[in-house]
Structures are given as structure tokens and as C-alpha cells.
Amino acid sequence: MLDITDESLVAQVKSGDRDKYELLVERYESKLNHYATRFLSDNDAATDAVQDVFIKAYINIQSFDTSKKFSSWIYRIAHNEFVNILRKKKSLSVSFFDFDTFFPHQVEGEGSDMLALKREDKERVEKAISKLEPKYREPIVLYYFEDMKYDEIADVLLIPVATVGVRIMRAKKLLEKII
Amino acid sequence: MEKIEQTTREISEKVMSAIRTGGILPHSRWYFIIRNIIYAAFVLVLLLAILYLSSFILFALQASGFTLLSGSKFFGIMTILNSLPWVLLLLVIIGIVSTLLLSRSAAFTYRTPTLYVFLGIIILVIAVSAIVSSFDLHKKIYERGHNFKPIKSLYEGFADPEMHNGIAGEIQSIDDRNIFIITPRNESFEVIVSSSTEIMSSDGLTVNDKVFIQGVRKEKTIMADIVKEINEQERNMLFNKSYDRAPNNPSMQIK
């Protein structure tokens, strides 16, 4: 079962084999739980939120295009769910336009130096991450802890790839100050 | 770490139990097909509304005589503030921003900086509006819909020069101080020319010249700020309430 892709499993769920959804839940529950715990900084809210993510993903499973990546799709659902929770808690302001996404940016891309730095920074970052505002906390969580690339993060957050770079760069500067 | 693993087992059990007992049912494929069709239709209607309004703004600027005043010394901030259809411009901007928000989930929009997408939509809207304007679409809409109150109010409210203290006519006679004109609707006006009136004519005004007058009207007299000589093409661009009804003055007839 391990060699079956997520997308093949979704195709089977879509055609009526609902038990295959359990494999998808097992593959992502730990990852999403970590993502939720770090992003929401609230363990109890994280558990309920992840449960809701899987329920919403199942309800909307027929809308998933199996030619695309399932991981980006479920992380996108998770992002929406978590952002809604933060908005309800008033930890995140509602804004229609984010100037980070409005203007084009020229940012250093992902290189081998940065990946090396990633491993060294991980522990320090984990300690300070809850002090970052959600806008900067989320790309850091996805990049450092979910091992996503910039373009994958862009697909989850629906922002330009360069904006992902800008937010990670700013978040790192903020973290340096905090640490 | 152990706690997280235990939690995830609970999540899996709860979710699968709800699915197996039929407590959670997925939406059908048709639900998403119909939803996408409604969504696409809504975006299309919104885009058509933006294109209609923006092409109408271009039409109104020409038809109201706004563009004729661009070379005048009176053409400044105040003329722009008084003459531009701000309400319509605001509606177009709201429409563009709404389109931007609605199309945010499409990869080609969110991967590109919002500024570029915004400018792209504006360029597209202006280009299509200019093309639409060149086909006299709005004249035809007014011709056919002038008995329908919303059409009448929109076109006469924004495009009629008379709503902006402008009027077009043909010079009937000129005396020492004033000009007498007749409009396409056979109305006669005395145009009072003072020292502050700006005459925009390359070779001086003579009888039978077609002119556009900007100034405050009081009954049958107009205190002229600007008297601009216009050619047949410019005259045809101006709004005329009788586009489809033969005017009494054949020389002013819109073709």
C-alpha cells in the first residue's frame, strides 16, 4: 500500500472505496497535527481543527483534480481552517490586500546554503516560533517543519513564490531578534 | 511525541467512524460541476458588466464633450472633477477588485504579483472598451432603449453635454458681441461672449460653423466660458437625444 500514490488513493475514494480514505488520513494526520500545533500554538484547538480538515476534505473529495498534488490540496484546506480559527480568536486580522503579494519582489531563492542552514536553525526556530505573527509563522512552519519548497508553500497560501521568500526572510530576521 | 501519536490515532478513528456510519457524506461530482458553472457564469457576467461600464465611460467622455475641452485653459482639475463620471469609475474599480478576489484561487493570478494582474485587467478593460466604443454600440443601445427609464437616465445623465453645461449647435448669426446658434433640436440660443470667454477656433468663427459651447445656460442665453469650433466628426461624437429620430435641422443630422 505504501507505493500507491496519494492521488491514486483519492481516485479510489472518489469511485466509492471510502475505506481507502483511512490510508490518506493515516499519511497526513501526524503532519497536519504538527502543522496545526505550531501554527495555532494551541494543542486542543489543533486536534479539533485537524479533524475538521479531514472531514472537509472528504466532503469535497469529488472536487479534487487527481492530476494535481493531493498534499497541496489538503494543506490548502488545513490553511483555510486554521486561518478561520485564528480570525475567530482575533489573532489574525482580515485583509483583502496584502502588500507583500501586491508588488513584485526579487528574493534569494532556495539554495544549498539555505538548506544547510535549515537543519541548524530548526531547534532555535521551534522555541521562538509562537512569538511570530501568523503571517510569518505559517511559511516558517511549512518550510522548516513540513519540508515544503517555496513553490509548494505558494500553492498552499495562494501567494507568489517570491512573496514566500520575502516572508521567510523577514520571519528569520524577526526570529533572530527574538532568539 | 507520544501524545501527538495518540491524538492522531483518535483523529483517524473519529473521522473514519463518522464516514463509515454515514455521518459524513461527500458532495457529488455534479454539485461541484454546477457550482463551477455558476461561479464561471458569475465571473463572466461581472466581466461583461465591467466592460459595458468602462466602454460607457469612454463613450460618455466623448459624447458629453469632455474630450473636446482638453486643449482649453479652463480644462483643469475642476473640469475633471465636475465632468468625470465618478460613480461609474468607482463601480468599475469595485468590479475589477471583485474579479481579482474571485480569481485569486487560479494559479495564474496568485502566482503573479497582484499589481501585475490588476494592471493586466485594467489594460484589457481599456483595450476592449476602446474597441467596443469604436462600434457605436452605445449609440445603438440608446437608440433602442431610450424609452426604458434606466437606459434613458444613464445615457442622458452621464453622456448628454447639457448635463455638464455643454451644448452643440450651428452658428446662425454673429453680431458685435454675441453669437446666435441653433441646436439639432431647432432650439435657438444667444451665446454671450465676454472678455473671459475662450474662443477655440483656428480661423475665427463664421456663420454655419459648428460649435460646442461650454457655459451656464439661463433660459435662451448662455454665458459662454468656451466656444469651440468643431468639425463634423467631432459633432457626430457628441450625444444627441434624437440619434434615431430625424432631426429638424438636416445639416446637423447624425449619420
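A word on the overall build of chain A
- For chain A, the helix and strand inventory stands at nine helices and zero strands.
- Each helix and strand of chain A, placed in order from N terminus to C terminus, yields the pattern α-α-α-α-α-α-α-α-α.
- For chain A, the proportion of its 179 residues judged to be buried stands at 50%.
- A sequence separation of at least 24 residues applies to 66% of the contacts in chain A between residues at least 6 apart.

Some thoughts on helix 7 (residues 134–145) of chain A
- With twelve residues, helix 7 of chain A should reach 16 Å at 1.5 Å per residue; the first-to-last C-alpha distance of 15 Å fits that figure.
- Trailing helix 7 of chain A by a residue or two, Asp147 of chain A shows a phi angle of about 55°, which is positive.

A few points about unusual backbone geometry
- In this model, Leu158 of chain A sits at a positive phi of 55°, which is unusual for a non-glycine residue.
- Relative to the assigned elements, Leu158 of chain A resides in the loop between helix 8 (150–157) and helix 9 (161–178).
- At Asn165 of chain B, a position not held by glycine, the phi torsion is positive, near 65°.

Looking at the pairing of strand 1 (residues 166–174) of chain B
Residue and element names in this part refer to chain B.
- Here strand 1 pairs with strand 5 (residues 210–218) via five bridges, running antiparallel. Opposite Gly166, over in strand 5, you have Gln214 as the bridge partner.
- Sheet topology places strand 1 next to strand 2 (residues 178–182); four bridges connect them, and they run antiparallel. Paired with Glu170 across the two strands is Ile182, which belongs to strand 2.
- Connecting strand 1 to the antiparallel partner strand 2 that follows it, the hairpin turn spans three residues.

Side note on the confidence of the model for chain A
- When pLDDT is averaged along chain A, the result is 85, and 85% of the positions lie at 70 or above.
- Model confidence for chain A, summarised as mean pLDDT per element, is weakest for helix 6 (residues 112–128) of chain A at 63 and strongest for helix 1 (residues 6–14) of chain A at 95.

Examining the nonpolar core
- Membership of the largest hydrophobic core comes to 59 residues, with the highest contact counts inside it found for Tyr21, Leu32, Tyr35, Phe54 and Phe82 of chain A.
- Counting only domains with at least three residues in this core, you end up with domain 1 (6–88) and domain 2 (99–178) of chain A.
- Filtering out sequence-adjacent residues up to four positions away, Phe82 of chain A remains in contact with Leu32, Tyr35, Ala36, Phe39, Leu40, Ala49, Val50 and Val53 of chain A.
- With 25 residues, the next largest nonpolar core counts Ile57, Val92, Val117 and Phe239 of chain B among its residues.

Some remarks on the confidence of the model for chain B
- The share of residues in chain B with pLDDT of 70 or more is 89%, and the mean pLDDT across the chain is 84.
- Across chain B, strand 3 (residues 188–192) of chain B holds the top mean pLDDT of 94, while helix 3 (residues 77–83) of chain B sits lowest at 72.

Re the packing of helix 7 of chain A against helix 8 of chain A
All names here are of chain A.
- Between helix 7 and helix 8, the least distance of the axes is 10 Å, while the angle of their chain directions is 135°. On the basis of the axis angle, helix 7 is oblique to helix 8. The crossing of helix 7 and helix 8 is right-handed. Only Tyr150, Ile153, Val156 and Leu157 of helix 8 make contact with helix 7, whose side of the interface consists of Glu138, Pro139, Leu142 and Tyr143.
- Residues that form the contact of helix 7 with helix 8 fall into these classes: seven nonpolar, no polar and one charged.

Focus: the packing of aromatic side chains
- By the definition in use, this model includes 18 aromatic pairs over all chains.
- An angle of 35° between the planes, with centres 5.4 Å apart, marks the rings of Tyr35 of chain A and Tyr75 of chain A as tilted. Taken together, the residues Tyr35 of chain A in helix 2 (residues 20–40) and Tyr75 of chain A in helix 4 (residues 70–88) connect sequence positions 40 residues apart. The two residues Tyr35 of chain A and Tyr75 of chain A agree in class, both being buried.
- Between Phe56 of chain B and Phe158 of chain B the ring centres are 6.3 Å apart and the planes differ by 90°, which places this aromatic pair in the edge-to-face class. Residue Phe56 of chain B is found in helix 2 (residues 29–63), and its partner Phe158 of chain B is found in helix 8 (residues 149–158); the two are separated by 102 residues along the sequence.
- Overall, Phe56 of chain B belongs to the buried group, its relative accessible area being 0%.

Topic: the interface of chain A and chain B
- Counting from both sides, the interface comprises 35 residues of chain A and, opposite them, 32 residues of chain B.
- For the pair chain A and chain B, the summed buried surface comes to about 3200 Å²; carbon and sulfur atoms form 66% of the total.
- Here Arg20 of chain B ties to Glu22 of chain A by a salt bridge, and the two come within 2.5 Å at their closest N and O atoms.
- Linking chain A with chain B are nine residue pairs in polar contact (both at pLDDT 80 or more).
- Each residue belonging to the side of chain A that touches chain B can be placed in one class, and the counts come to 18 nonpolar, ten polar and seven charged.

Cut-offs applied
- Residues numbered from 1 in each chain as written.
- Chains lettered and ligands numbered in written order.
- Predicted model: local features only at pLDDT ≥ 70, side-chain atom pairs only at ≥ 80, totals over all residues.
- Heavy atoms only, no water.
- Helix = DSSP H or I, 4+ residues; strand = E, 2+ residues; numbered from the N terminus.
- Buried < 20%, exposed > 50% of the residue type's maximum accessible area, 1.4 Å probe, protein only.
- Contact = heavy atoms within 4.5 Å.
- Expected span 1.5 Å × (residues − 1).
- Pairing = 2+ DSSP bridges.
- pLDDT = per-residue confidence, 0-100.
- Core = buried A, V, L, I, M, F, W, Y, C linked by side-chain atoms within 4.5 Å.
- Domains from an automatic or database assignment.
- Axes fitted to C-alpha atoms, helices over the stretch in contact; angles between N-to-C directions.
- Parallel < 35°, antiparallel > 145°, perpendicular 65-115°, else oblique.
- Left-handed = near helix turned anticlockwise from the far one by under 90°.
- Nonpolar A, V, L, I, M, F, W, Y, C, P; charged D, E, K, R; others polar.
- Phe/Tyr/Trp six-rings, centres within 6.5 Å; stacked < 30°, edge-to-face > 60°.
- Buried area = accessible area lost by both parts, 1.4 Å probe.
- Salt bridge = Lys/Arg side-chain N within 4 Å of Asp/Glu carboxyl O.
- Polar contact = N/O pair within 3.5 Å; in protein donor to acceptor, adjacent residues only side chain to side chain.

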